[in-house]
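# Examining the three-dimensional arrangement
Spelled out, the chains give:
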Amino acid sequence: MKQSLSKIESAFLEEISQVSDADKIEEIRVSYLGRKAGQLTVLLRGLKDLSIEEKKLIGPAANLLRQKIESTLTEALQKAGSSAVPEFDLSLPGKISQDKSLGHLHPITQINRELIRIFQSMGFQVLEGPELDNDYYNFEGLNFPFDHPARDIQDTFFIDSKITREEPRDFTRNDWVMRTQTSNMQVRVLEQAEPPVRCIIPGRVFRNEAIDATHEHTFYQLEGFVVDENINIGQLVWTLKEIFRQIFKQEVKLRLRPGFFPFVEPGYEVDMFCVFCGGSDVSCKVCKGLGWVEMLGAGMIHPNVLAAAGYDAGRYTGFAFGIGTGRLAMLKYNIPDYRLYMQGDLRFLEQF
Amino acid sequence: MIYSYNWLREYVADIPEAKKLMTELSLHSVEVEEIDEGGIELGNVVVGELIERRTHPNADSLNIGIFDVGEPEPRQIIFGGVAALKVGDKLPVALAPTIIPDEIKIKERKLRGELSQGMCCLKSELGILDREEAVHFFEPDVINGTPIIGVLPLNETVIDIDNKSMTHRADLFCHTGIAREISAVFNLSLNLPKTAPLPKVKPTLDIKIADTNDCPRYIGIELSVNLGKSPDFISQRLQACGVKSINNVVDITNYIMLEFGEPTHAFDADKLSGNSIEVRRARTGETIATLDHETKTLTEDVLLITNNDKAIAVAGVIGGTESSVTDTTTRIILEVANFSALTVRRSAKIVGLRTDGALRWEKGLSPELAEPAAARAVELLLEYAGAKVIGLTDVYPKKPELTQISLSADYLSRLSGFEFEPKVVQKLLTALGCKVVTKKSKTGKVYNVEIPWWRTDLVIREDLVEEIVRLYGVNKIPEQQLIGALSVPNQDLELEIISKIQDHLVRCGLTETYNYSFYGADDIIKMGWDDQVDHLSIQNPLSEDLRYLRTSILPRLLDNIRTNQMQSSSIQLFEVGHLYFSDREVRQLALVISGGAEPYRVARGLAESLLSALNINFTTSVIVEEASKCPRWGMYQGKQALRFESAGEKLGTAGILSAQVQSNWDILRGTAFVTLSIPILAKYSSTKRAMRPISIFPSVPLDLSVIVDESVPWGDIEAVVRSHGSDLLQSIEVIDIYRGEAIPVGKKSLSFRVILQSQQQTLEMSAMEKWRDGLVVDLGKKLDATLRDK
Ligand SMILES: [Zn+2]
């Protein structure tokens, strides 16, 4: 059987080397691969009568030969300049399998994944936390005392139904809110953990605000915090710089300004120097040529927050920061309107 | 808050130019939103006097005026009727040709046949002062033709600072406060107004304070006054800061607030009876008519100023109408007091007013502030309101001690990451008005810092770290690599599962959406659900369609189908998100398939492939309404659902959207859905995988077509095949369902393929045939199925 294969092969090569016009080549094709009486076809048909061992031996070799004959024939046809070769058009659009295209991940999922990948490589734990939370974790434990003006900074959705969740602590008030910040996880995490703690919380937050192109009542943040024995401002700056360097794949310039957030002391607003225009383009959508772009809030965790988590005063220090992931994705992907995230419009989603 | 640059210059002579001030203040203390340098080009707008007027011959609504504008010849200017002008009035006149704000070009032209050589300008047209639709009239002694820039505070530079950025800095809500800050940031000398001590006169009021926690201090000063206009410097400064000038007494109280940050209030003494003032909480139901022309009903949370038990002001928030200062007032009681932040905040909430006064009190002001503020008020009233002090009563039971904070050099460097030189610390804190004593202890240097009374926000050592770092310049702190023990945290299993789900479904062609966590009662009804009462609700929703917290992702996904269905003939979406219940919050996956051939089979196939990808051992069963009570059957076609479960626990369901619900949402095409619970998926998703041996013997496909009653579901056929199974059966797959020609009415033909394979030997044709014949008999017996002829 094997011998007949090699015989067929040499005979074919011999014949094909002597012809050059398309009709002759087609004749050779029929004589070897023709459906009824092609020499190789007949031989392949005979395979079924063989024992399994023989099949294993001959089958692959026979197949290989068929492929070789086919490709030699095609080559010969091309040389002959035959119109028998099917026309092809490389400019036709690509498609994936028959009638299927791939789906799309939401841009917020994508920016979160990018951030999570970077933070995980730095040893951070990723958590999401509840979106409906007790006043204690969203406000009081974060040093927003009840009825304090600091609370006015965040317009809050309050829940008027009774909540009966099992929680790790007793609450002074059974007041529940849609979390206004992913910082609601600071005390939740710290009271269960023993430093060193490195954690990020990507998630959805809510504010009772009228919506427009830059404001949504439902939006996205990524909170991060690090607590250990000697965490300082210099390390906060380094960490943030490293994150943005990774996100934008280039060196970045950051600057801090004093900013007020009750759960940090000192607290800062962090600006990044525009990586899109370098502060030189008045028509830049990101910075309008001003250079500095407000990116996030950050600071050293307030001792009251560490106390709420049950740590001894002065034992640990830590930093925390909150990145607006929706806004970051707007910058990165050139999205002009925050509302697009929540409208479920496929013309938007299919671009990602 | 808005600050006048010129006013600040009075306190800080070397104040930096506006742009530098803006940048450096933003970097060192508070966020300057905007500096408005005025910069209005009004060179050709001058003081003009109307010397003659007549009506326009061709237009009743227009007038012709002859104006003396300081030129040799008067000008003729046509004007409308917005302001009633009379001969002798002096007002701003734009001389043609010129351009006034908003790029309005003024040219000589004919208006209905009469020449107009300029324009009479309203305040709004010049963009000045309060920008009213009114004319600013000049005093008769102003010379005609004077450019108005010289006589109006037009180019007053104002600085706008974001209130939110100084929520914690009560001391900054005034000019002296921000001046003090500027002098510290820029290291400039500070020259605050020197006030004389309070006049030594006899107390004339009988002041009672019910609770000194609510009101630690109350200075009541009785004065006789001559009501009138404010001097220009006061009214112009008020206007620059956006406060309307009313009369000298009221203006001075406002001026004091802008200057020192102390809200004060003047009562008309003649409208009070007797000399008693009591500061007490309101009784529930007590009322007061306030200056905003409303009558407020009060609760015990509200702190009142009362006279003979009658409410005359809501302390720190707003005065009462009856005791207010009017044009006829000749004697006042000036209140310069101190109220607790929390009390004023609650009062303001209850009366529904957040006045400029309340805004300052709720940040927390020191009772020490009352004294210089009172002294300054008296000084201004004596000078500009012809006042005489009749009596002064100061109730101040307990002067608070100054705050002392001790900060170790070690903690400062530990938190900041920078070693500050002691003399730098000393200098920076002193610039803020602190007194610093440096001590040596066993563990290093310690700074004992006495906080000035106006810095009520400095309480703990971290506050001092913030002050030192920001004045020094936080951007000068060298960055340092994050170090610490390397630890590998456990990651959240559910988040990992979600990531796998997203990848799997996107690979299968689905697109991920994000929808609101809220929907409305209408949406619940459209879903055909009977469980609105079980939804948690928002007390203050933005609108009714955002009142309820979602207990399923489906409603908004269906809405996504509706809004997208004209774009594409088949829509495949999914979302993973939180559902909210009273006792828990869980994550759900929902996917919808709308349009295309057999959406249900696609949806189910996706769910099953996903469960396999997550390595979950699962079974499926069709359940019907009777077997399982649930308020949500309305959305399932035929009240049937496919239930996925693992180890007896429900993972989720699949179903076809009922025709009713489909039409409720205006969905055009047949739609199927799947919901799965993420925590349950996480529970049963196994990380264990064991490879099954691959048989070395060939597998044999066997196709069968059987005719059965319409009522026989595929599941029954599959069950018979599987029970007939034996070790040979590898898999079953539906190929085709056929109704029509050659099939009796009420019957259907089901074609399926089974793959048979033995692990021990090559399957003999006879064994296969035997298996098939036995199956056909079984199917015939159990399901009355017959083999369809080919
Ligand atoms: Zn830019």
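As a reminder, the structure under discussion sits directly above these lines.
Residues numbered from 1 in each chain as written. Chains lettered and ligands numbered in written order. Predicted model: local features only at pLDDT ≥ 70, side-chain atom pairs only at ≥ 80, totals over all residues. Heavy atoms only, no water.

## Concerning the interface of chain B and chain A
The test is simple: Whether two residues are in contact is decided by their heavy atoms, any of which lying within 4.5 Å being enough. The term buried area refers to how much accessible surface (probe radius 1.4 Å) is lost by two components on association, counted for both of them together. Any Lys or Arg side-chain nitrogen located within 4 Å of an Asp or Glu carboxyl oxygen qualifies as a salt bridge. Under the rule applied, a polar contact is a pair of N or O atoms within 3.5 Å (in protein, one hydrogen donor and one hydrogen acceptor; residues adjacent in sequence only if both atoms are side-chain atoms). Only runs of H or I of at least four residues qualify as helices and only runs of E of at least two qualify as strands under DSSP, and these elements are numbered from the N terminus. Classes in brief: Ala, Val, Leu, Ile, Met, Phe, Trp, Tyr, Cys and Pro nonpolar; Asp, Glu, Lys and Arg charged; the others, Gly included, polar.
Contact residues are listed per partner, giving 86 residues for chain B and 92 residues for chain A. A buried area of about 7,400 Å², summed over both sides, lies between chain B and chain A, and 52% of it is on carbon and sulfur atoms. Ranking the residues of chain B by area buried against chain A places Arg414, Leu482 and Tyr514 of chain B at the top, with a combined share of 12%. Between chain B and chain A we count six salt bridges in total. The partner of lysine 241 of chain A in a salt bridge is glutamate 479 of chain B, and the shortest N-O contact between them spans 2.6 Å. At the boundary of chain B and chain A, one finds 45 residue pairs in polar contact (both at pLDDT 80 or more). A total of seven residues in the side of chain B that touches chain A trace back to one element, the largest contributor, which is helix H13 (residues 461-472) of chain B. Looking at the side of chain B that touches chain A, its residues break down into 30 nonpolar, 32 polar and 24 charged.

## Quick word on the coordination of the zinc ion
Residue and element names in this part refer to chain A. Stated formally: A donor here means any N, O or S atom no more than 2.8 Å from the metal (3.2 Å for Na, K and Ca); water is not included, so a site may seem to lack partners. The rule is simple: four donors are tetrahedral if all their angles sit between 85 and 135 degrees, four are square planar and six octahedral if opposite donors span more than 155 degrees and the others lie between 65 and 115, and anything that fits none of that is irregular. Under the scheme applied here, a residue whose accessible area is under 20% of the maximum for its type counts as buried, over 50% as exposed, and between as partly exposed, the area being computed with a 1.4 Å probe on protein chains only.
Here the zinc ion is held by Cys274 (SG), Cys277 (SG), Cys284 (SG) and Cys287 (SG), and the distances to it run 2.2 to 2.3 Å. In this structure, the zinc ion is surrounded by four donor atoms whose angles at the metal cover 95 to 115°, and the resulting shape is tetrahedral. Within one chain, the residues donating to the zinc ion are spaced in sequence as C-x2-C-x6-C-x2-C. One exposure class covers both cysteine 284 and cysteine 287, and it is buried.

## Some details on the packing of aromatic side chains
Here a ring pair, both rings aromatic, is described through the centre-centre distance and the interplanar angle of the planes. This is how the line gets drawn: Pairing of aromatic side chains here covers Phe, Tyr and the six-membered ring of Trp, requires ring centres within 6.5 Å, and sorts the geometry by plane angle: under 30 degrees stacked, over 60 edge-to-face, intermediate tilted. Charge over a ring is defined by NZ of Lys or CZ of Arg lying within 6 Å of the ring centre and within 35 degrees of the ring normal.
Evaluation of the coordinates by the stated rule reveals 36 aromatic pairs over all chains. Seen in terms of ring centroids, phenylalanine 244 of chain A and phenylalanine 248 of chain A are 6.4 Å apart; in terms of plane orientation they differ by 15°. Their pairing is stacked. Residue phenylalanine 244 of chain A and its partner phenylalanine 248 of chain A are both found in helix H8 (residues 233-248); the two are separated by four residues, about one turn of the helix. On the basis of relative accessibility, which here comes to 10%, the residue phenylalanine 248 of chain A falls in the buried class. Through pairs of rings, three or more aromatic residues link up here, namely Tyr333, Tyr338, Tyr341, Phe348 and Phe352 of chain A. Residue placement shows arginine 180 of chain B over the ring face of tryptophan 454 of chain B; its charged tip is 3.9 Å from the ring centre. Over the face of the ring belonging to phenylalanine 581 of chain B we find arginine 584 of chain B, whose NZ or CZ atom lies 4.1 Å from the ring centre.

## Concerning unusual backbone geometry
In this model, proline 195 of chain A is joined to proline 196 of chain A through a cis peptide bond whose omega is 5°. The linkage connecting alanine 96 of chain B with the following residue, proline 97 of chain B, adopts the cis geometry, with an omega of -5°. Relative to the elements of secondary structure, proline 97 of chain B occurs in the loop between strand S6 (90-95) and strand S7 (98-100). Phi angles above zero are rare outside glycine, and asparagine 615 of chain B is one such case at about 60°. Within the secondary structure, asparagine 615 of chain B sits in the loop between helix H17 (599-613) and strand S32 (619-624). Relative accessible area serves as the criterion here: at 19%, asparagine 615 of chain B is assigned to the buried category.

Remember that the coordinates give geometry; whether it matters functionally is a separate question.
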